[in-house]
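Remarks on the overall topology
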Amino acid sequence: MQISEHTITVLNNFSSINQGLIIASGDVLKTVSAQKNVMASAKLPDKFPQEAGIYNLSRFISTLSLFDTPPDLKFNKNTVVISGSNRKINYALSETSLMIQPPDKDFDMENPLVEVISEDAVTQTSKSNFKVSIRTENMKILPGKYSVRIKDNVCRFTSDENSVVYWMSIER
């Protein structure tokens, strides 16, 4: 398989949330921060053939960038073989049971306390009379247009253009 530029952008973004990533088979990736106060999910244009644990996501992305053209990836039980541009790298995979696993279920955001749907939902939320605090170090989202829902102590940012959803804990 080859990984699209959009998938690499998402992987880079997810590496800012958690250094490791458990890649599930299919076209959806999820991650959660070590503190479990930020979670993200993205639907990708690429489908991964199997579950794989990447211990250091930044290093994995750097390895992909060593190739002049998008490399081919072949996932095996313990490695992913990255090949192209007359070179081949066996990248070791990690045991997924030793990594931080995101929850299987997403947070229930039905009947939110606040919902903002606009081209600049982040700014609109901050200008409303409803005040919430999200630590700036938790705002690790891709640039784009988002709809925002707030319920209980969770704020959800949804971007249709990036096919990504973030959940962040809020402080009151």
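Here, the structure is the one placed above.
Residues numbered from 1 in each chain as written. Predicted model: local features only at pLDDT ≥ 70, side-chain atom pairs only at ≥ 80, totals over all residues. Heavy atoms only, no water.

1. Section: the sheet that holds strand 10 (residues 154–159)
In spatial order, the strands read 2-3-11-10-9-8; together these six strands make up an open sheet with antiparallel pairing. Each having just a single partner strand, strand 2 (26–32) and strand 8 (114–117) make up the two edges of the open sheet. Taking the axes of each pair of neighbouring strands and ignoring which way they run, one obtains an average angle of 15° across the sheet. Relative to strand 3 (residues 38–48), strand 2 is paired through six bridges, and the arrangement is antiparallel. Of the residues in strand 3, the one forming a bridge with lysine 30 is serine 41. Relative to the sheet, helix 1 (residues 5–15) contacts strand 2, strand 3 and strand 11 (164–169), its axis offset from that of strand 3 by approximately 155°. (Pairing = 2+ DSSP bridges. Helix = DSSP H or I, 4+ residues; strand = E, 2+ residues; numbered from the N terminus. Axes fitted to C-alpha atoms, helices over the stretch in contact; angles between N-to-C directions. Contact = heavy atoms within 4.5 Å.)

2. Comments concerning the sheet that holds strand 7 (residues 87–92)
Reading across the sheet, the three strands line up as 5-6-7 and stay open at both edges, with antiparallel pairing between neighbours. Since the sheet does not close on itself, it has two edges, and those belong to strand 5 (72–75) and strand 7, each with one partner. For this sheet, the mean inter-axis angle between neighbouring strands, taken without regard to orientation, is 20°. Strand direction decides the pairing type here: strand 6 (residues 79–84) and strand 7, joined by six bridges, are antiparallel. Of the residues in strand 7, the one forming a bridge with isoleucine 82 is isoleucine 89.

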